[in-house]
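# Architecture at a glance
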Amino acid sequence: MNNEKGKVIEKKEALRWRRDYLSALREALRKFRIGVVRKLLLAVILEGKSGR
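Residues numbered from 1 in each chain as written. Predicted model: local features only at pLDDT ≥ 70, side-chain atom pairs only at ≥ 80, totals over all residues. Heavy atoms only, no water.

Further remarks concern the overall build of the chain. For the chain, the count of helices and strands is 1 helix and 0 strands. Expected size for 52 residues packed as a compact globule is a radius of gyration near 10 Å; at 22 Å, the chain overshoots this value by more than 25%. Looking at the chain as a whole, 0% of its 52 residues qualify as buried. When the accessible surface of the chain is split by element, carbon and sulfur atoms take 63% of a total near 5500 Å². Separation of charge centres in the chain, based on 15 positive and 6 negative side chains, amounts to 7 Å. (Helix = DSSP H or I, 4+ residues; strand = E, 2+ residues; numbered from the N terminus. Rg over C-alpha atoms; globule rule 2.2 N^0.38 Å. Buried < 20%, exposed > 50% of the residue type's maximum accessible area, 1.4 Å probe, protein only. Areas by Shrake-Rupley, 256 points an atom, 1.4 Å probe, with all protein chains shown as cover. Lys, Arg positive; Asp, Glu negative; His and termini not counted. Charge placed at Lys NZ, Arg CZ, Asp CG, Glu CD.)

Encoded structure:
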């Protein structure tokens, strides 16, 4: 009985860890994408201004 409970708790911990890991990864990707998009937009804007 006690062993089963331990396994369930371990499973919950693993799921929580995985969820935290995935949300952190998603947050990092979002920030990275925002940075990349910002750089691309700046490059396009600067290119457009110098081209005219």
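A grouping of W17, Y21, L22 and L25 is seen on the molecular surface, where their side chains present a nonpolar patch of about 430 Å² in accessible area. Following the sequence through the fold, L25 ends up in helix α1 (residues 2-51). Note on L25: relative accessible area 40%, which makes it partly exposed. (Patch = residues over 30% accessible without salt bridge, like charges linked within 9 Å, V, L, I, M, F, W, Y side chains within 5 Å. Salt bridge = Lys/Arg side-chain N within 4 Å of Asp/Glu carboxyl O.)

Tallying each qualifying case throughout the model produces 1 aromatic pair. Pairing W17 with Y21 gives two aromatic rings, centres 5.4 Å apart and planes at 5 degrees, and the pair type is stacked. Here the residue W17 and the residue Y21 both occupy positions in helix α1, the gap between them amounting to 4 residues, near one helical turn. Overall, W17 belongs to the exposed group, its relative accessible area being 58%. A relative accessible area of 44% places Y21 in the partly exposed class. (Phe/Tyr/Trp six-rings, centres within 6.5 Å; stacked < 30°, edge-to-face > 60°.)

Everything listed here is a matter of coordinates, which is why it stays silent on function.
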